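Report on the structure
Now for the letters of each chain:
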Amino acid sequence: MENKLKLSFILLVFFLSGCGNILDTSGFFFPDDLIDSRFVQSDQWNQTHLFKTIPVNSENYQLFVAGDSHIGGTVNFDKFVSESKKNSAAALVIVGDIVSGHKQGYDTLINHLPNYSQIPYFLAVGNHDLYFDGWKTFYPYFGSSTYYFTVQTPTAKDLNIVLDSGSGTLGGKQLAWLQQVLENERSKYRHCFVYSHVNFFRNRHTGSTNPLVDELYVLMDLFAKNQVDMVLSGHDHDRSTNQLGNTTYITMDALLDGFPRAGFVILSVSKTAASFDFVDLKTIN
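Everything quoted here is computed from the prediction, not taken from an experiment.

A separate point is the nonpolar core. Residues F77, F80, L109, L123 and F264 are the most contacted members of the largest nonpolar core, which totals 32 residues. If you list the elements that add at least two residues to this core, you get β2 (61-66), α4 (75-86), β3 (91-94), α5 (103-112), β4 (121-123), α7 (135-142) and β11 (263-269). The dominant element in this core, judged by the number of residues it contributes, is α7, at 4 residues. Among all residues touching F264, those that are not within four sequence positions of it are F64, V65, A66, F80, E83, D277, F278, V279, L281 and I284. Of all hydrophobic cores here, the second largest spans 24 residues; its members include V95, V151, V265 and V269.

Of the residues in the protein, 85% reach a pLDDT of 70 or more, and the chain-wide mean stands at 89. In this model residues 1-22 is a low-confidence stretch, pLDDT under 50, and it forms 10 contacts with partners more than four residues away in sequence or in other chains.

Pairing is possible between side chains of opposite charge, provided their charged atoms come close. According to the stated counting rule, one finds 12 salt bridges in the structure shown. Here K103 and D107 are joined by a salt bridge, their closest N and O atoms 3.1 Å apart. Residue K103 and its partner D107 are located together in helix α5, separated by 4 residues, close to a single helical turn. Here the salt bridges share partners, and the residues they tie into one network are D238, R239, D253, R261 and D280.

The buried count for strand β10 (residues 247-251) comes to 5 of 5 residues, which makes it a mostly enclosed element. Of the two faces of β10, the one carrying T247, Y249 and T251 and the one carrying T248 and I250 are both buried. In this structure, strand β8 (residues 230-233) lies alongside β10, joined through 4 bridges in parallel fashion. Directly across from L232, in β10, lies its bridge partner I250. Across 5 bridges, strand β9 (residues 240-244) lies against β10 in antiparallel orientation. Looking across to β10, one finds that T241 is bridged to I250. Connecting β9 to the next strand, β10, in antiparallel fashion are 2 residues, including G245 with a positive phi near 65°.

Cut-offs and rules
- Residues numbered from 1 in each chain as written.
- Predicted model: local features only at pLDDT ≥ 70, side-chain atom pairs only at ≥ 80, totals over all residues.
- Heavy atoms only, no water.
- Core = buried A, V, L, I, M, F, W, Y, C linked by side-chain atoms within 4.5 Å.
- Buried < 20%, exposed > 50% of the residue type's maximum accessible area, 1.4 Å probe, protein only.
- Helix = DSSP H or I, 4+ residues; strand = E, 2+ residues; numbered from the N terminus.
- Contact = heavy atoms within 4.5 Å.
- pLDDT = per-residue confidence, 0-100.
- Salt bridge = Lys/Arg side-chain N within 4 Å of Asp/Glu carboxyl O.
- Pairing = 2+ DSSP bridges.

Next up, the structure:
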């Protein structure tokens, strides 16, 4: 039995190795573990690039949030961008697995993102974005993968924190940064939202980048203590909502072309509350 399992594993690796332009087998079996290195680069970027503030003219505004577009195809991605324009979204947030790591995927992405001056967009790194040395393209194109941005209404400001969970862990340096931001900055803002590619509550277990349980306990405690309103994630391609204390954990369906439940989330923010709605792309013409 043991020999049969070994043989099956060898055959699987051999098969996947023949799909070099489709799968990064090293990334599949051994996810990128250079999170601390990416954070150092991101922190250096942040030192010379100010965190963005998005001004809005009303106390009420919307953020359009999606994940797992896996460009290639852009039909669903284009619908997502088009709907954000129709609804005058304050910004777009895409929580990782935007592409599959290839440079041509990033080039396609750039051509399908909205004009930043019309609708600002904020990107998180997912595990697939790092395959095929994808970080070497992401960083010069988009810069930091760990940062925050704020939305300024006429009377208040809201904090939005984007995390790099593409390796399945935040790593020690990024976690320390997050703790500092929440402890020193959170009290200055009305609402707080966190964006992570890897989701916290698992409906299924993927082949890579499953989160570290002990780290999740630390993060959930940190979010509860600092009154984080929502944590929005992708990765599982399986919509779900979980509540822990005052924090809502949202896992979104994939935006991937051909995915039967493709969709995104509209995050609606008002003076006194924040709410969200799942949107099915099949309901949009």
